[in-house]
Amino acid sequence: MHNMEDCSRFRLLDISWLTASMEVGRPVDPEKYHLVGGKHPAASSSQPVDASALGTAIVSQYACQRRTTLNNYNTKFTDAFEVLAENYELRGNDGPCLAFRRAASVLKFLPFTIVRVNDTEGLPWMRDQVKTIIEDIIEDGESSRVTAVLNNENYRSIKLFTSVFGVGLKTSEKWYRMGLRTLEEVKSNKDLKLTRMQRAGLLHYEDLLSYVSKEEADSASLFVKESVQKFSPSALVTLTGGFRRGKTTGHDVDFLITVPGSRQEEEVLHLVIDFWKKQGLLLYYDLIESTFEKTKLPSRKVDAFDHFQKCFIILKLHKGKVDHGSSIISVASAEEEKKDWKAIRVDLVVSPFEQYAFALLGWSGSRQFERDLRRYATHEKKMVLDNHALYDKTKKLFLNAASEEEIFAHLGLDYIEPWERNA
Ligand code: DCT
Ligand code: MG
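Here is a short report on the structure shown in this document. (Residues numbered from 1 in each chain as written. Chains lettered and ligands numbered in written order. Predicted model: local features only at pLDDT ≥ 70, side-chain atom pairs only at ≥ 80, totals over all residues. Heavy atoms only, no water.)

Description of the overall build of the protein chain
- Counting secondary structure elements, the protein chain contains 18 helices and ten strands.
- Out of the 423 residues belonging to the protein chain, those deemed buried represent 48%.
- Across the protein chain, every contact between residues at least 6 apart in sequence was considered, and the portion connecting residues at least 24 apart equals 67%.
- For the protein chain, the exposed area adds up to about 22,000 Å²; of that, 52% sits on carbon and sulfur atoms. (Helix = DSSP H or I, 4+ residues; strand = E, 2+ residues; numbered from the N terminus. Buried < 20%, exposed > 50% of the residue type's maximum accessible area, 1.4 Å probe, protein only. Contact = heavy atoms within 4.5 Å. Areas by Shrake-Rupley, 256 points an atom, 1.4 Å probe, with all protein chains shown as cover.)

This is the structure we're talking about:
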């Protein structure tokens, strides 16, 4: 897509306009195909738009009313916002952190590149501090504030330490205060009491740092399905997380498991874990039992974690089934050649069948999409949504749903496909 010199002559249409037009072999009336969230004066229709409509051109402030694919035309801005948001997060400064995350999410949705600050007019979450960064990047190609963060020793160390599986903010800060700066220093420091999780994280650091590829995720999918269905043939195993949204790499592979029409689900995770353990495939695991209590309302905390039984795993994934497209180019050393496996992070979540749609919606992400779904439910619908249920506070009842589509319908939202949730 080209940068648009004069955006005011365009408006945003949903991709379904294109498919509908292709079906009948001519452009169909675009009226019904405006993008969720209303009209924005920039897009792919050649239909001129009434000037009075532009004044009200609205992009929703909620990510769950925007269709955000992986085509990000504004990475130079969104990458910068992500650095700043992360820096604020590390410093416990939640307000500005959220402000930059929201702004990044809006720009990820835009189907064109911002070329001047005026292009952001009418968009939500474009506060002054956000606009200043955009201006700097447009004018100088970079923002000095972002550069300063990236060069900051504290930021770099904390980023490095938290990149180890099992190391959080608190531990990172402690290590930094102790004067540690590199992972070598961490590994060789005899005074540190590392958790089992952190030891595993350091041991498999290189493997875990190189992201999981789509091929590896597919290979893991087959393997997880096979293993689960060995013990519970009717179990459903669904890929969730970033890979369900169409991402081609991820920091882990997320799966949701449910067993229709039975209470078997409590057993199946233990059986699978024991099976893998015997085969020596578990480089690390932490199985957490369900803490769900039926009587409790959905949680009010927007970022609260759920109560499902789950297992955080480092899995030894054998490379046999993975296709190496580039193996001709890479000349592996003899030692590398011997290692025919890769350590990958896998999350398994087990949901009761009645909660499956809520669990699937919650675990499909993105995080920003989830936050905004919950915020929308609370503020626009007086409902409480979490990974287990949807509660209508006005009617004082739980709304059941067998599919994600039904949850969107309860919330009065147009359905957003998983690959449109990359907010
Ligand atoms: N999730 C959430 N709140 C949390 C943790 C997770 O809503 N505190 C949801 C959002 C995404 C999904 O669970 C899976 O989480 P991640 O694996 O962390 O994210 P991802 O989108 O799969 O991205 P990545 O590629 O980094 O794994
Ligand atoms: Mg993931």
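Topic: the site of ligand 1
- Every one of the 14 residues lining ligand 1 counts as a neighbour, but Gly242, Lys247, His251, Asp252 and Arg367 are closest to it.
- Between ligand 1 and the protein, one listed contact pairs an oxygen atom with a backbone N or O atom of glycine 242 at 2.8 Å.
- A distance of 3.0 Å is found between an oxygen atom of ligand 1 and a side-chain nitrogen or oxygen belonging to aspartate 254.
- Alone, ligand 1 offers 550 Å² of accessible surface; in the complex the protein occludes 83% of this.
- Going through the elements one at a time, helix H13 (241-244), helix H16 (356-364) and helix H17 (367-381) are the ones with two or more residues in the shell around ligand 1.
- Looking at the shell around ligand 1, its residues break down into two nonpolar, six polar and six charged. (Near = heavy atom within 4 Å. Polar contact = N/O pair within 3.5 Å; in protein donor to acceptor, adjacent residues only side chain to side chain. Nonpolar A, V, L, I, M, F, W, Y, C, P; charged D, E, K, R; others polar.)

What to know about the sheet that holds strand E8 (residues 383-385)
- Ordered by their spatial adjacency, three strands build an open sheet running E8-E9-E10, and the pairing between neighbours is antiparallel. The open sheet terminates on both sides in strands that have one partner only, identified here as E8 and strand E10 (397-398).
- Here E8 pairs with strand E9 (residues 390-392) via three bridges, running antiparallel. By the bridge assignment, leucine 385 is partnered in E9 with leucine 390. (Pairing = 2+ DSSP bridges.)

Side note on the coordination of the magnesium ion (ligand 2)
- Around the magnesium ion (ligand 2), the protein contributes the donor atoms Asp252 (OD) and Asp254 (OD), which lie 2.0 to 2.2 Å from the metal centre.
- Overall, aspartate 252 belongs to the buried group, its relative accessible area being 7%.
- Under the relative-accessibility criterion, aspartate 254 is labelled buried at 9%. (Donors = N, O, S within 2.8 Å, 3.2 Å for Na, K, Ca; no water.)

A closer look at the packing of helix H6 (residues 144-151) against helix H7 (residues 153-162)
- Viewed as axis vectors pointing N to C, H6 and H7 meet at an angle of 60°, and their least axial separation amounts to 5 Å. Judged by the angle between their axes, H6 and H7 are oblique. Each of Val149, Leu150 and Asn151 in H6 lies in contact with H7, whose residues at this interface are Glu153, Tyr155 and Arg156.
- In the contact of H6 with H7, the residues fall into three nonpolar, one polar and two charged. (Axes fitted to C-alpha atoms, helices over the stretch in contact; angles between N-to-C directions. Parallel < 35°, antiparallel > 145°, perpendicular 65-115°, else oblique.)

Focus on the pattern of salt bridges
- All told, the structure shown has 16 salt bridges when counted by the stated rule.
- Here aspartate 119 and arginine 116 are joined by a salt bridge, their closest N and O atoms 3.3 Å apart.
- Overall, the relative accessible area of 8% leaves aspartate 119 in the buried class.
- For arginine 116, a relative accessible area of 38% puts it in the partly exposed group.
- With a shortest N-O distance of 3.0 Å, glutamate 216 and lysine 342 are connected by a salt bridge. Here glutamate 216 is found in helix H12 (residues 214-231), whereas its partner lysine 342 is found in strand E7 (residues 341-350), with 126 residues between them in sequence.
- Glutamate 216 gets classed as buried once you look at its relative accessible area, which sits at 11%.
- Put simply, Glu82, Glu89 and Arg101 are held in one network by salt bridges that share partners. (Salt bridge = Lys/Arg side-chain N within 4 Å of Asp/Glu carboxyl O.)

Focus: the environment of glutamine 368
- The topology assignment puts glutamine 368 in helix H17.
- Taking the C-alpha atoms as reference points, glutamine 368 and serine 105, separated by 263 residues in sequence, lie 7.3 Å from one another.
- The residues touching glutamine 368, leaving out its near neighbours within four places in the chain, are Ala63, Arg101, Arg102, Ser105 and Ala423.
- In this structure the side chain of glutamine 368 is engaged in a polar contact, spanning 2.6 Å, whose partner is the side chain of arginine 371.

Remarks on the environment of arginine 421
- Note that arginine 421 resides in the segment after helix H18 (404-410).
- According to the relative accessible area criterion, arginine 421 is buried, its value standing at 0%.
- It is 6.9 Å that separates the C-alpha atoms of arginine 421 and glycine 365, two residues lying 56 residues apart in sequence.
- Beyond its immediate sequence surroundings of up to four residues, arginine 421 is in contact with Thr68, Arg244, Arg245, Leu361, Ser364, Gly365, Ser366, Phe369, Glu404, Phe408, Tyr415 and Ile416.
- At 2.9 Å, the side chain of arginine 421 forms a polar contact with the side chain of glutamate 404.

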